[in-house]
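# Chain and residue survey
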Amino acid sequence: MASRTSDTVVGPRSEDALPSSATSAVKIVIVGGFGVGKTTLVHSVSEIRPLTTEETMTQASAGVDDLAGVERKRMTTVAMDFGRISIDDELVLYVFGTPGQQRFWFLWNGLFEGALGAVVLVDTRRLEASFDVLGRLEESQTPFVVAVNAFDEAPSYSDEELREALDLTAEVPLLMCDARSRESSKDVLLALMRYLYSLATTTGAK
Amino acid sequence: MTPDEEWDEGSPERLYVLTGGRSGSEDAGLDLVTLIVTRSAPQIGMQPEHESILRLCEAPLSVVEISAHLKLPVSIVTVLLADLLAEEHVEARAPAPALPDIDIIKAVIHGLQNL
């Protein structure tokens, strides 16, 4: 008697299997508002077909009064996309895309813990969508770079204007990217890693 | 037991049954990217979800990938994994330490350049 559950689980494709020598993993988190290109960037760099994990949260729906005066609760499903890159035989890099809005910060528990750093993906048509995220990352002392996903129809600003608008300090790397391009997305991750390298070498970390 | 198709996949009731009502498994110390590797073959009479995990993890697989393939939240998967770890059916390979050392940073830069 076969178990239904086992039969319906679609595992990784055989070519996506990690070597048995894989011993440890690291993570990078891509944060940004809806539609800013997080999923696109994850797709561009991932070596496996990107996957989605879902968490459900219960939230009181604000402003809804019903006759019984009972607060209505709503179940919301929040999806997080992620991809994977094999660095070498032993080390694996996971790249997560997560929504930046404050109401999704519960997802960040465990996500940022131990993360190497973050990429804040920005759309110049909605700069204000990044304010909360930037503040939160600074507070938690998570190193990050800011990448502007250059949509064709979006207004372009000079670096100075963007730094000013986003209140970025001079040392935070700021770069333009095209999340649809593998090379460009790779450059974003490299910019973060080089920034981490400079932080590690200047603060005397081993 | 009610057949799976009558469950709403993500319903709290279904998730409650899968874990026997347990939640939170911080004690297992599992990160999203802890790699899980199967150490013993599935046994007759195992909970189907446990069996699925053992099949998935024949090659190393992270906790979050297991969650995605099983279509179960990470919080549920960690409870299931804690059972398997306790019985030594699987092995957990912890992520690289939080404070990244320069060798890991260099390795990632090198790896990305070769992508």
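Residues numbered from 1 in each chain as written. Chains lettered and ligands numbered in written order. Predicted model: local features only at pLDDT ≥ 70, side-chain atom pairs only at ≥ 80, totals over all residues.

In the nomenclature of an unreviewed UniProt entry, chain B corresponds to DUF742 domain-containing protein from the organism Streptomyces albus.

An unreviewed UniProt entry annotates chain A as ATP-binding protein of Streptomyces albus. Reading the Sequence similarities (unreviewed entry) entry of the UniProt record for chain A gives the comment "Belongs to the GPN-loop GTPase family." (UniProt positions renumbered as here; feature names shortened; annotations may be inferred.)

For chain A, the count of helices and strands is 5 helices and 7 strands. Taken from the N to the C terminus, the helices and strands of chain A come in the order α-β-α-β-β-β-β-α-β-α-β-α. Here the contacts in chain A between residues at least 6 apart in sequence split such that 73% fall between residues at least 24 apart. (Helix = DSSP H or I, 4+ residues; strand = E, 2+ residues; numbered from the N terminus. Contact = placed C-beta atoms within 7 Å.)

All names here are of chain B. Taken together, 3 strands build an open sheet; the order of strands is β2-β1-β3 and the sheet is antiparallel. Single-partner strands in this sheet number two, and they are β2 (61–62) and β3 (90–93). Bridge analysis of strand β1 (residues 35–38) against β3 gives 4 bridges, and the strand direction is antiparallel. Counted as the bridge partner of Ile36 is Ala92 from β3. (Pairing = 2+ DSSP bridges.)

This part takes up helix α2 (residues 48–56) of chain B. Extensive coverage of α2(B) is indicated by the burial of 7 of its 9 residues. Restricting attention to buried positions, one finds in α2(B) the residues Glu49(B), His50(B), Glu51(B), Ser52(B), Ile53(B), Leu54(B) and Leu56(B). (Buried ≥ 20, exposed ≤ 12 C-beta atoms within 10 Å, placed from the backbone.)

Below, the discussion takes up the confidence of the model for chain A. Low-pLDDT stretches of the model should not have their predicted coordinates read in fine detail. All names here are of chain A. The share of residues in chain A with pLDDT of 70 or more is 85%, and the mean pLDDT across the chain is 86. Note on residues 1–6: pLDDT under 50 across the span, and 12 contacts to partners over four residues away in sequence or across chains. Overall, residues 61–70 carries pLDDT values under 50, and its contacts beyond four positions in sequence, including any with other chains, amount to 4 contacts. (pLDDT = per-residue confidence, 0-100.)

Taken together, the 48 residues of chain A in the interface contact 41 residues of chain B. Contributions of two or more residues to the side of chain A that touches chain B are made by α1 (4–8), β1 (24–32), β2 (51–60), β3 (73–86), β4 (91–99) and α5 (182–202) of chain A. For the side of chain A that touches chain B, the element with the most residues is α5(A), which contributes 9 residues. Class assignment for the residues of the side of chain A that touches chain B results in 25 nonpolar, 14 polar and 9 charged. (Nonpolar A, V, L, I, M, F, W, Y, C, P; charged D, E, K, R; others polar.)

It is worth spelling out the pairing of strand β6 (residues 144–149) of chain A at this point. All names here are of chain A. Counting buried positions along β6 yields 6 of 6 residues, so the element is predominantly enclosed. Of the two faces of β6, the one holding Phe144, Val146 and Val148 and the one holding Val145, Ala147 and Asn149 are both buried throughout. With 5 bridges joining them, strand β5 (residues 117–122) and β6 adopt parallel strand pairing. Bridge pairing in β6 links Leu121 to Ala147. You can see the chain leave β5, run along helix α3 (residues 131–140) and come back into β6, and the turn it takes is right-handed. As paired strands, β6 and strand β7 (residues 174–177) are joined by 4 bridges and run parallel to one another. Residue pairing in the sheet places Val146 in a bridge with Leu174 of β7. Where the polypeptide runs from β6 across helix α4 (residues 159–166) and back to β7, its parallel neighbour, the crossover connection is right-handed. (Right-handed = clockwise from strand over helix to strand, strands pointing away.)

Here the focus is unusual backbone geometry. When glycine is set aside, most residues are seen to have a negative phi, and most peptide bonds are trans. All names here are of chain B. Phi at Lys71 takes a positive value of approximately 55 degrees, unusual for a residue other than glycine. Mapping Lys71 onto the fold places it in the loop between α3 (63–70) and α4 (74–86). Even without being glycine, Glu88 reaches a positive phi, approximately 55 degrees. Residue position: Glu88 is located in the loop between α4 and β3.

The subject of this paragraph is the pairing of β4(A). All names here are of chain A. Counted residue by residue, β4 has 8 buried out of 9 residues, so it is predominantly covered. Examined bridge by bridge, β1 and β4 share 9 bridges and lie parallel to one another. Looking at β4, one finds that Val31 is bridged to Thr98.

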